[in-house]
Amino acid sequence: MEKNSWADQWDKNQSSGKTKGDGESSGGGGGATAKYKEKVGAGLGKTKAAASSGLKKVKIGTSLGLNWVKDKYHKTTTKN
């Protein structure tokens, strides 16, 4: 009794994992993998840029907030 993994249960193309008798893989869409990797790579570049931009905004906002608190504290402690 062979138990399928979770991914195998949902895979519609069950023959993609089979191999030919001469040891070569029988995957018919070799170019599709390269295309997918290229799209994922481009997406990761965009994600990295967005994360970098967001981090800069957080850093600037934090700096402004801390300076505001520091100024408020300074004004309340230096009253004559």
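Just above sits the structure.
Worth saying up front: this structure is predicted, and the values here are computed from it rather than measured.

### Section: the overall build of the protein
From N to C terminus, the protein includes two helices and zero strands. A burial count over the protein gives 0% of its 80 residues as buried. Looking at the protein as shown, the accessible area adds up to about 7,800 Å², and 59% of this sits on carbon and sulfur atoms.

### Overview of a nonpolar patch on the surface
A surface patch of nonpolar side chains, amounting to about 330 Å² of accessible area, comprises Tyr36, Val40 and Leu44. Following the sequence through the fold, Val40 ends up in helix 2 (residues 30-77).

### Points about the environment of Thr77
Turning to its location among the elements, Thr77 is positioned in helix 2. Only 3.3 Å separates the side chain of Thr77 from the backbone oxygen of His74, close enough to count as a polar contact.

Rules and cut-offs
Residues numbered from 1 in each chain as written. Predicted model: local features only at pLDDT ≥ 70, side-chain atom pairs only at ≥ 80, totals over all residues. Heavy atoms only, no water. Helix = DSSP H or I, 4+ residues; strand = E, 2+ residues; numbered from the N terminus. Buried < 20%, exposed > 50% of the residue type's maximum accessible area, 1.4 Å probe, protein only. Areas by Shrake-Rupley, 256 points an atom, 1.4 Å probe, with all protein chains shown as cover. Patch = residues over 30% accessible without salt bridge, like charges linked within 9 Å, V, L, I, M, F, W, Y side chains within 5 Å. Salt bridge = Lys/Arg side-chain N within 4 Å of Asp/Glu carboxyl O. Polar contact = N/O pair within 3.5 Å; in protein donor to acceptor, adjacent residues only side chain to side chain.

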